[in-house]
Amino acid sequence: MPWLTSITLTPFAGAIICALASRRSQAGARRIGIAWSLLPLLIALACALTGFNWSQASVIQCVERHDWITGVGAEYFVGIDGLGWVCVLLAALIVPFASALTSADDKQAGGMLALMLTLQGALFGTFTALNFVHWFLYWEIALIPAFFLIKQWGGKNRTVAAYRFFVYTMVGSAAMLLGMVAVFRVTGTFDLPKLATLAEDGGLLKLFGASSSTWLMVVFACVLLGFAVKVPLFPFHTWLPDAYAEAPTPVTMVLTGVMSKMGVYGFLRILLPIFHAQIGVALPVLYPLALAGIVFSAWAAMAQTDIKRVFAYSSINHLGYCLLAIFAACGNTGATDHAVTAVAGSMVQLFNHGITASALFAFVALLERRSGGLRGLNDFGGLRAICPALAGMWGIAMFSSLGLPGLNGFIGEYLIFQGVFSISPVAAAVASAGLLFTALFLLGFWKKVFHGPANPRWACMPDLSLGEKALLLPSVALMFVLGLDPQLLMSWLNPVAQLLVHGSR
């Protein structure tokens, strides 16, 4: 069975059905959209149980390959390994979660859900395509529904935020396309696994010409820019706080939980295997940028008064650790065990941050729903006594984001710091300041919103309903399960990390 094609095309079909249904009933279209967003998860689980050999998680499996536009090196080529599964599962879990939190009172709910499903299909396509042209098509398609979701349903500054998001991403994508076209001109292929193999023994540099290492660095810089904007890497991050704050909160859940992971995935799938040597050369620049993203974003979060902007800067901070690990792996000149640890930690952090960050924004959505759209740090106070269930479940997600041992946020950061410290103790020491600032701004948020004198305005604020608890329970449960038994992820991400590190040398 063409598992990956089915996973990818199902959301697109759902988007069409949802859009048609919205002509008759927005409420009915919303129900269809939420139910349909679960179908890819069922298909993915069926594939995982019957079509994927987990003992060989580092091997590309479920391959589908067909000729497409041979003249430009494009072919329909999909496959998946452990890294791909991490990202596919994120999209399959978070999009239904976010869809269920859309407002039932929205008179355009059907249109929103149709765009959410379109975005989900593009995400699946990005995480399974193995030919650059095929991959880039989905990379760009994902931008379109995200833009309209922000522009149509966002806050009062939505237009500026949407266009800034669009322009930044398009500029990065144009640069990346230019760089990969240059690679195609000298190699004759857009096949990503083949390009990775070619780069292992310096074959890419040979094809560019021994005297053209400077040009190869220019090509690398172009490709780097595309991924740096998406993650984002400092200083290409300035679009993110506005986009996350102005987007409807369910859309923000998808942006932070999955879409930002497209950039990290690109670093791991394309940049690390193909441009490993060039990353190593650029480390004097890349290390400071990653560290600036970690430290400055956490510092900036401390100055925010909007809860969504606090968590937006927190996202930049946490993904900065992933990039630091990838860069450190390319700077390792001795034993590769430390590089493998760092890269494995980056992949674990990718998945766990997606679960935790989307849950944090889900709680913001529930708070906005109860307060008439308010989300300022100074708008509340004493909610712990008024809404104990909301406070308790939100607290679990917050401590997961802090990296508390026993919750899923701990293991990824631990592996990253273990690997990076063995490679670059100075970089690890600077990055540890980010942990301190993270604790300060998250505990500061917790104190202002949930402790102190209760604001009489919210004395009758309802606590979580049974349905809301049921909706949040899977995310909270995953935080405990993956925190207490991280080997569930590590058993099939470690082999991928070993292949990425050893195969890039």
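Now for a quick tour of the structure. Computed from a prediction, not measured in an experiment: that's the story for all the values here. (Residues numbered from 1 in each chain as written. Predicted model: local features only at pLDDT ≥ 70, side-chain atom pairs only at ≥ 80, totals over all residues. Heavy atoms only, no water.)

### Describing the overall build of the chain
Phase 1: Counting secondary structure elements, the chain contains 23 helices and two strands.
Phase 2: Over its C-alpha atoms the chain spans a radius of gyration of 22 Å, differing by no more than 12% from the 23 Å that the globule rule assigns to 505 residues.
Phase 3: Counting only C-alpha atoms, the chain reaches 70 × 55 × 45 Å along its principal axes.
Phase 4: Within the span of the chain, comprising 505 residues, buried residues form 61% of the whole.
Phase 5: In the chain, the share of contacts with a sequence separation of at least 24, taken over all contacts with a separation of at least 6, comes to 81%.
Phase 6: For the chain, the accessible surface area stands at approximately 18,300 Å², while carbon and sulfur atoms represent 66% of it.
Phase 7: Each charge sign in the chain was given a centre, from 27 positive and 20 negative side chains, and these centres are 9 Å apart. (Helix = DSSP H or I, 4+ residues; strand = E, 2+ residues; numbered from the N terminus. Rg over C-alpha atoms; globule rule 2.2 N^0.38 Å. Buried < 20%, exposed > 50% of the residue type's maximum accessible area, 1.4 Å probe, protein only. Contact = heavy atoms within 4.5 Å. Areas by Shrake-Rupley, 256 points an atom, 1.4 Å probe, with all protein chains shown as cover. Lys, Arg positive; Asp, Glu negative; His and termini not counted. Charge placed at Lys NZ, Arg CZ, Asp CG, Glu CD.)

### Regarding the pairing of strand S1 (residues 61–69)
Phase 1: Where S1 and strand S2 (residues 74–80) come together, six bridges link them in antiparallel fashion. When the bridges of S2 are listed, Gln61 appears paired with Ile80.
Phase 2: Here S1 hands over to S2 after four residues, with Gly73 in that stretch at a positive phi of 75°. (Pairing = 2+ DSSP bridges.)

### A look at the environment of Gly320
Phase 1: Relative to the elements of secondary structure, Gly320 occurs in helix H16 (residues 307–331).
Phase 2: Every residue in contact with Gly320, bar those within four places of it in the chain, is listed here: Ala290 and Ile294.

### Here we look at the packing of aromatic side chains
Phase 1: Inspection of every chain in the model, using the stated rule, returns 34 aromatic pairs.
Phase 2: Note on Trp135 and Phe227: the rings are 5.8 Å apart at their centroids and 65° apart in plane angle, and the pair reads as edge-to-face. With Trp135 in helix H6 (residues 132–141) and Phe227 in helix H11 (residues 213–230), this pair connects stretches of sequence that are 92 residues apart.
Phase 3: Overall, Trp135 belongs to the buried group, its relative accessible area being 0%.
Phase 4: Pairing Tyr244 with Phe361 gives two aromatic rings, centres 6.3 Å apart and planes at 90°, and the pair type is edge-to-face. In this pair, Tyr244 sits in helix H12 (residues 239–246) while Phe361 sits in helix H17 (residues 337–371), placing the two residues 117 residues apart along the sequence. This pair shows no difference in class: Tyr244 is buried, exactly as Phe361 is.
Phase 5: Three or more aromatic residues joined by ring pairs make a cluster, and in this case those are Phe165, Trp239, Tyr244, Phe311, Phe361, Phe363, Trp394, Phe445, Trp446 and Phe450. (Phe/Tyr/Trp six-rings, centres within 6.5 Å; stacked < 30°, edge-to-face > 60°.)

### Some details on the side chain of Thr356
Phase 1: As for its placement among the helices and strands, Thr356 is situated in helix H17.
Phase 2: Not counting residues within four places of it along the chain, the set of residues in contact with Thr356 comprises Ala397, Ser400, Ser401, Asn408 and Met479.

### Observations concerning helix H8 (residues 158–187)
Phase 1: Helix length check: H8 (30 residues) gives 43 Å between terminal C-alpha atoms against 44 Å at 1.5 Å per residue, within 8%.
Phase 2: Looking one or two residues past H8, Gly188 carries a phi angle of roughly 80°, positive in sign. (Expected span 1.5 Å × (residues − 1).)

### Some points on unusual backbone geometry
Trans peptide bonds make up most of the peptide bonds, and negative phi angles are found at most residues other than glycine.
Phase 1: Looking along the chain, the bond that leaves Val231 and enters Pro232 is cis, with omega of 0°.
Phase 2: Relative to the helices and strands, Pro232 is located in the loop between H11 and H12.
Phase 3: Looking along the chain, the bond that leaves Phe234 and enters Pro235 is cis, with omega of 5°.
Phase 4: You can see Pro235 is positioned in the loop between H11 and H12.
Phase 5: Positioned with a positive phi, Cys62 is a non-glycine residue whose angle comes to about 55°.

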